[in-house]
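# What the coordinates show
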Amino acid sequence: MAAADGDASALVPSAGSGPVPFKDMDDGTVPAEHAPRDEDLSSDLVAALPRRQDPIMEVLLYQGCWLPKYWVPGIIQFQRRFKPRPDDVILASYPKCGTTWLMALAFAVAARRAYPPAAAAAGEHEHEHPLRRLHPHDVVPLVEEVFAREDEARLDALPSPRLMSTHLPFTLLPPPVVAAAGSGGCRVVYVCRDPKDMVVSMWHFLRRSSRSEGFSFADLFDAVCDGTAAPGPVWENVLSYWRAAVALPDTVLFLRYEDLLRDTGEGVRRLAKFMGMPFTAAEEAAGAVAAVVELCSLGNMKAQEVNKAGSVAAAGNLTMPRDSFFRKGVAGDWASLMTPEMAVRMDGIFHEKFLGTGFSFA
């Protein structure tokens, strides 16, 4: 449960503390040994799952969700062994719905005392901001990748408070996370996006992969519409967090990408308050919110040298150029690629799936 405003100051990192970038744990001090996996993880359990092959990767149907085959053993490990801490924050999203932006915003908010965003914007190097030297995906780890690589020792070694991200639906999170929801367990922040913009953004993203040859936009569009695009169905991903946020508003914060675009400052304030570290009147007066917004803006992140070259692991042996995570970041770009008939079909599918839930993209 989020801390009361009067107690929140105790949760704000003091200088030199706060979340530690995941990449910074790769300093040789974390043991390289891995905990032995349960025997069934690579045998009967995974082998018996329904599967399909698309031009990008093989996907398996696990607990109602289509997932990259590479992730599944690690996800089972994550469900069985992850031990949440009360001050953990899990950032959740369907891919291409604002994941990278949410990572940057959440880290900048949580680490603002140790790494003042205004100093980072001014180019002061005494406390060089991690978002100026690391890609957001190196700062906040994707738990599916962590457990798929058997890299959970580094996650365990992260000091509190920990930030991590996931593309899994709420229903696939580890039982201790779900069970503790509303009773002092870790917090979850979810961001959703109009699925039409999501699928166009995903197409531009996936076509940067070296394995995208022969994969058309129509293929991806159809997979999203029939619920087989990993980690889908998209509507189940969205609804799992919507229902959790309605039932447990102190534990699950539900954000819309379009709202963040319209008023990023207000979104940053909501995020900070939910995480238990609201901006003080003095911070507001000093422009701290605006500094976070500017530091994490698409233009600023695209300009950082660390986000221009090299690659980032995505779903295991699929690697993506670092700059592929930063494109337009706008609403309504679906019209540049999707036909009106496609838009009507997709809107109709999601309207039907959301009937009676209280949620709508409209």
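The structure contained in this document is the topic of the report that follows. Note that residues are indexed from 1 along each chain, following the sequence as it is written. Side-chain atom pairs in this predicted model are given and counted only at pLDDT of 80 or more, local residue features only at pLDDT of at least 70, and totals for whole chains, interfaces and linings cover all residues. Side-chain descriptors were evaluated using all non-hydrogen atoms of the structure, hydrogens and water having been removed beforehand.

### Examining unusual backbone geometry
Defined as follows: Helix and strand assignments follow DSSP, with helices taken as H or I runs no shorter than four residues and strands as E runs no shorter than two, numbered in order from the N terminus. Partly exposed describes any residue whose relative accessible area lies between the buried limit of under 20% and the exposed limit of over 50%, with all areas from a 1.4 Å probe on protein chains only and scaled to the type maximum.
For the peptide bond that leads from S160 to P161, omega is 0°, which places it in the cis range. Relative to the elements of secondary structure, P161 occurs in the loop between helix 8 (152–157) and strand 5 (163–166). Cis geometry marks the peptide bond from G232 to P233, where omega comes out at 10°. Look at E150: it is not a glycine, yet its phi comes out positive at around 55°. Tracing the chain through its elements places E150 in the loop between helix 7 (143–148) and helix 8. The partly exposed category is assigned to E150, whose relative accessible area is 28%.

### Some points on the environment of D263
Going by this rule: Polar contact criterion, stated in full: a pair of N or O atoms within 3.5 Å, where within protein one must be able to donate a hydrogen and the other to accept it, and residues adjacent in sequence count only if both atoms are side-chain atoms.
Topologically, D263 is positioned in the loop between helix 13 (257–262) and helix 14 (264–274). Side-chain polar atoms of D263 contact the backbone nitrogen of E266, separated by 3.1 Å.

### Here we look at the sheet that holds strand 6 (residues 187–192)
Each strand in a sheet pairs with another by means of backbone hydrogen bonds, the pair being arranged parallel or else antiparallel. Note the cut-off: Strands pair, by our definition, only if DSSP identifies at least two bridges between them. Angles run from 0 to 180 degrees between N-to-C directions of axes, and those axes are lines fitted to C-alpha atoms, restricted for helices to the stretch in contact. Whether two residues touch is decided by their heavy atoms; if any such pair falls within 4.5 Å, the residues are in contact.
Spatial ordering of the open sheet is given by 5-4-6-7, a layout of four strands whose pairing is parallel. Taken across any chain shown, the strands that pair with only one partner, and hence form the sheet edges, are strand 5 and strand 7 (252–256). The average undirected angle you get between the axes of adjacent strands in this sheet is 20°. Contacts from helix 3 (residues 99–110) reach strand 4 (89–93), strand 5, strand 6 and strand 7 within the one sheet, and its direction differs from that of strand 4 by about 160°. Packed on one face of the sheet, helix 14 meets strand 6 and strand 7 and runs near 170° to strand 7.

### Some words on the packing of helix 11 (residues 217–226) against helix 18 (residues 340–354)
For the record, the criterion: Note on terminology: angles under 35 degrees are roughly parallel, angles over 145 are roughly antiparallel, angles of 65 to 115 are roughly perpendicular, and the others are oblique. Handedness of a helix crossing follows the sense of rotation of the near helix relative to the far helix, less than a right angle counterclockwise being left-handed and clockwise being right-handed. Residue classes follow a fixed rule: Ala, Val, Leu, Ile, Met, Phe, Trp, Tyr, Cys and Pro count as nonpolar, while Asp, Glu, Lys and Arg count as charged, and any other residue, Gly among them, counts as polar.
It is the contact of helix 11 with helix 18, at a shortest axis distance of 10 Å, that shows an interaxial angle of 20°. The pairing of helix 11 with helix 18 is recorded here as roughly parallel in orientation. The hand of the helix 11/helix 18 crossing is left-handed. Residues F217, F221, D222, V224 and C225 of helix 11 touch helix 18, and the partners they reach there are M342, R345, M346 and I349. For the contact of helix 11 with helix 18, the residue count by class is seven nonpolar, no polar and two charged.

### Digging into the sheet that holds strand 1 (residues 51–53)
The antiparallel open sheet is built from three strands, whose spatial order is 1-2-3. Two strands lie at the open edges of the sheet, namely strand 1 and strand 3 (65–68), each paired on one side alone. Pairs of neighbouring strands in the sheet enclose a mean axial angle of 30°, with direction left out of account. Pairing geometry for strand 2 (residues 58–62) and strand 3, over four bridges, is antiparallel.

### Thoughts on the packing of aromatic side chains
The condition is simple: We call Phe, Tyr and Trp rings a pair once their centres come within 6.5 Å, taking the six-membered ring for Trp, and we label the pair stacked below 30 degrees between planes, edge-to-face above 60, and tilted otherwise.
All chains considered together, the criterion is met by 17 aromatic pairs. Aromatic pair W203 and F217: ring centres 6.3 Å apart, planes at 65°, arrangement edge-to-face. Residue W203 is located in helix 10 (residues 195–206), and its partner F217 is located in helix 11; the two are separated by 14 residues in the primary sequence. When its relative accessible area of 12% is taken as the criterion, W203 is described as buried. Their ring planes at 55° and their centres at 5.1 Å tell us that W242 and F359 sit as a pair that is tilted.

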